[in-house]
Amino acid sequence: MTTALRRYPVLIALVIAALFMVVPFLIVAVNAVKSPTEYAQNGPLSLPDGLYLDGLKDFWERVDYGQKLFNSLLISGSVAALAVVLSILNAYAIGIGRVRGRTWVLAFFVLANMLPQEALVYPVYYLSKEVGLYDTRLSVIIVFTVIQAAFGTYLLASVLGQFPREIIEAARIDGASRWQVLWRIVVPVSRPTLGVLLVFFFIWTWNEFLLPLVMLISNDNQTVSVALGVLQGQRLMDATMTNAAALLGVLPALVFFLVFQRTLTRGIAVGAVK
Amino acid sequence: MTVTAERGGGRSRGARAVGKHDHSGPRRPRNRPRDSYALFLLPGVLAFLAVIVVPFLMNTGASFTEWQGVGTPEWSGLANYRELMDDADFWASFRHSLFMVVAMALVPTAVGLVLAAALFDYIDKHHGSKAVAVLRACFYLPQVLPIAVAGIVWSWILAPENGSLNELLDAVGLGSWQQDWLGDPDLALWSVMGVMVWVQLGFPLVVFMAGLGRVDPQLYEAAELDGAGWWRRFWHITLPQIRPEIYVVLLWCTIAALKVFGAVYVLTKGGPGGATNVPSYFSFTTFFEKTQVGYGAAISTVLTIIILALALIGLKLQTRAEDAEEGLRT
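Rules of the game
- Counting of residues starts from 1 at the beginning of each chain's written sequence and follows it residue by residue.
- Chain letters and ligand numbers both follow the written order, the letters beginning at A and the numbers at 1.
- It should be noted that, the model being predicted, local features are given only for residues of pLDDT at least 70 and side-chain atom pairs only at 80 or more, the latter also being counted only at that level, while totals for whole chains, interfaces and linings use all residues.
- To obtain the side-chain values, all non-hydrogen atoms of the structure were used and water was disregarded.
- In this text, helices come from DSSP runs of H or I with a minimum length of four residues, and strands from runs of E with a minimum of two, each type numbered from the N-terminal end.
- When we talk radius of gyration, it's over C-alpha atoms, and the globule rule is simply 2.2 Å times the number of residues to the 0.38.
- In this description, contact between two residues means that some pair of their heavy atoms is separated by no more than 4.5 Å.
- All accessible areas in this document rest on Shrake-Rupley with a 1.4 Å probe, and a residue is counted as covered only by the protein chains that are shown.
- For every residue, the predictor states its confidence as a pLDDT score lying anywhere from 0 to 100.
- Two distance rules govern patches: like charges are joined within 9 Å, and nonpolar side chains (Val, Leu, Ile, Met, Phe, Trp, Tyr) within 5 Å, applied only to residues with over 30% relative accessible area and no salt bridge.
- For this analysis, a salt bridge means a side-chain nitrogen from Lys or Arg found within 4 Å of a carboxyl oxygen belonging to Asp or Glu.
- Classification of residues uses two cut-offs on accessible area relative to the type maximum, computed with a 1.4 Å probe and protein chains only: under 20% is buried, over 50% is exposed, and between them is partly exposed.
- Side-chain atoms within 4.5 Å are what join buried Ala, Val, Leu, Ile, Met, Phe, Trp, Tyr and Cys residues into a set we call a nonpolar core.
- What fixes the domain bounds is an automatic or database domain assignment.
- When charges are counted, neither His nor the chain ends are considered; positive counts come from Lys and Arg and negative counts from Asp and Glu.
- By convention, the point assigned to a charge is CZ for Arg, NZ for Lys, CD for Glu and CG for Asp.

Remarks on the overall build of chain A
Looking only at helices and strands, one finds 14 helices and zero strands in chain A. Helices and strands in chain A line up, N terminus first, as α-α-α-α-α-α-α-α-α-α-α-α-α-α. Here the C-alpha radius of gyration of chain A, 23 Å, is well above what a compact globule of 274 residues would show, namely 19 Å. Taking all contacts inside chain A whose residues are at least 6 apart in sequence as the whole, residues at least 24 apart take part in 75%. Accessible area for chain A stands at about 11,800 Å²; split by element, carbon and sulfur atoms hold 65% of it.

Observations regarding the confidence of the model for chain A
Chain-level pLDDT for chain A is 85 on average; 93% of the residues reach the 70-or-more range. Helix H1 (residues 2–7) of chain A is the least confidently modelled element of chain A, averaging 60 in pLDDT, while helix H5 (residues 65–96) of chain A averages 93, the highest of any element.

Brief notes about a nonpolar patch on the surface
Residue and element names in this part refer to chain B. Side chains of Leu-39, Leu-42, Val-45, Leu-46 and Leu-49 sit close together on the surface and give an oily, nonpolar patch of about 420 Å² of accessible area. Looking at the element boundaries, Leu-39 is found in helix H2 (residues 32–62). Given a relative accessible area of 41%, Leu-39 falls into the partly exposed group.

Points about the nonpolar core
By size, the foremost hydrophobic cluster in this structure holds 193 residues, and its most contacted members are A:Phe59, B:Ile52 and B:Met196. The greatest single-element share of this core, amounting to 22 residues, is contributed by helix H4 (residues 88–144) of chain B. Three or more residues apiece are contributed to this core by two domains, here domain 1 (2–52) and domain 2 (64–273) of chain A. Excluding residues that lie within four positions of it along the chain, B:Ile52 makes contacts with A:Ala112, A:Leu115, A:Leu120, A:Val146, A:Ile147 and B:Ala47.

With respect to unusual backbone geometry
Positive phi, close to 55°, is recorded for A:Asp64, a residue that is not glycine. Considering the arrangement of structural elements, one finds A:Asp64 in the loop between helix H4 (54–62) and H5. Unlike most non-glycine residues, B:Thr291 shows phi in positive territory, near 45°. Summarising the element assignment, B:Thr291 is placed in the loop between helix H13 (279–288) and helix H14 (293–329).

Looking at a negative patch on the surface
Residue and element names in this part refer to chain B. A cluster of like negative charges, contributed by Glu-66, Glu-74, Glu-83 and Asp-86, occupies part of the molecular surface. Of note, Glu-83 is situated in helix H3 (residues 79–85). The partly exposed category is assigned to Glu-83, whose relative accessible area is 44%.

Structure (C-alpha cells):
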C-alpha cells in the first residue's frame, strides 16, 4: 500500500474522489436489501446479512411503480422523438434554408431555452386548465417538446450551417424537392447529432421536476421523479422504504447511463462548445 | 447571392413536377427559394408562440396585477415590485442564490478543471484510457440522476437519526461532530451546497476533458522540454487553451444555479425557517400555496430578467472571443 501510494499518488487521490461520488449509490443499494429489523439493529453502515427484497416489493406495489415507469417512458420517449422532429424542421429552415432574419429567430430560440420555467409555470397551468389538458400526460409532452426543441434548434442550426452545400445542390439538380432533400439527405447524414439529441431530450425530460410536479397531480399520471419527490416531501417514508424508493429511482438512470454513456459524454462536449 | 437564389428558383420549378410536398408558390420568383424554407419554420414558430411566448407575456402581465388565480386580475401597476423591494424573504432568497452559484458554478468549475487536467494528462499517460473512462464515468454519474432521487438519497444520508453521515462520524470516533445537517438553520444551506457540488461536478469535468482533447500536444511537449512543472503547464497552457469551455460552463452552471428548484423542494422545502429558500422555490410557494399569483409572477419576472441579462452578456462575450480568435487566425 505504501509503495503504491508513493508510486501512484495522483491515481489514488482520484480514485478516492471517485469513490466519494459513488458511495451514496452503494449505501443505498446495501440498505435497500436489508430488513427493517436488521436496519434498526445494525444501522446504515453494516453489510446486509442476506437479500431482503420485500421492502422493494412493498414499495413497488404501494406506489404502483410500474405505472410510474410507464408514464415516464411514455412522456420522455414522445418528447424526445417529437422534439427532434421539431428541431430538424426549424434547423433546416435556419441552417440550410438561411431564411431571412435567421439570426433573430435563432436568438429567440436561445433565449427561450434559457428562460426559467418559473416564468411559464403558472400561465401553462392556467391555460391547460382552460383547454382541458390539465393533469394529462399530453400537456407535459407538448410543453417539453417545445422547451427541448429550443435547445435542439440552436444546436442543429449551427451543425446544419456547415452542411456541404454541394450535396444539396446536386440533389436539387436531380429533381429532389426540399422535403425530399430534408428526409433523404440531411436527416441521414446528420444521424449522429440527432442520436445525441434524442438521448439528451429523453434523459432531460425523465429528470424534469417542476412542471410535471405542477401539471400531474393524479397518481395514474405521475412520473417517477414526481412520485418520488412528492413522497419524500411528505416525510412519510421509513428508512427501508426510503432506500427502496432511492434504489428504484437510481436504477433506470443507471441503465440509461450505461447504455448511453458514450453518446452522453460525446454529446455534452458538442453541445457546450457549439 | 441573388444569382444563386435565382438559379435555385429555376430548379425548384423543375422539381415541382417530382416533389409533391414542395409548396413554393408561383409568385415572386425572386424570393421564392428562401421564403419556401420559411414554411419549415411554421410548426416551430406556432408551437413556441403557444407554449413559451404567450405564457411568458401572461406571466409578465400578471406581475402588474393583484390576482388570486380566479376572477379578473386587478391592475396594480408596480405595487408588487415595490413590495418585493421591502420583502426580506425575497432578498434572502436571492442571497441564497449567490451561495448556489458558488456551489454549482464556481466550485465545480475549479475542481472540474483540476480533475480534468489530472485525468487527461496524467492518468491517461500513466494508466491508460480505460482508467480515464471509468473514473470519468464515476464523476459523471450523479448528473444523470433525477434530482428528486438525488434528494432522497442525500436527505437520508444526512438524516440526524440513523443517517449514514452521522453514523460514520460516530464510527470513526468523531461522534461530537454529529449534526442535524438539513434541520439546523445555520447548516442547512451549506449541506444543500455540498449536495449540489456532488450533483454538478460531472458536467464541467466532461466538457473540459473534451476541450483538452483539441489542445495541440506539442505545446505541452515544448513546455516540458523547457522544464515547466505540472502546475505551470496547467496555468500557462491548459487554462488559456480551454478558455472558451470555461466561459460556457460558468455561464450554463450559473444559470442552472439561479434556477435550482428540485433539490430545495426535496431536501429542505426551503426550510428550516426559510434558511434555504431560493427564488424559484419562493415563486412556486407564492403561486401554488399562497395563491398570490401576481406577486409570484413578479418574483419570477425578476429572476427571468437576471437570467436573460446574464445570458446576453455571456453570448456577447462568447462571440467577441470567437471574433478575436478568428482575427488572430486571418
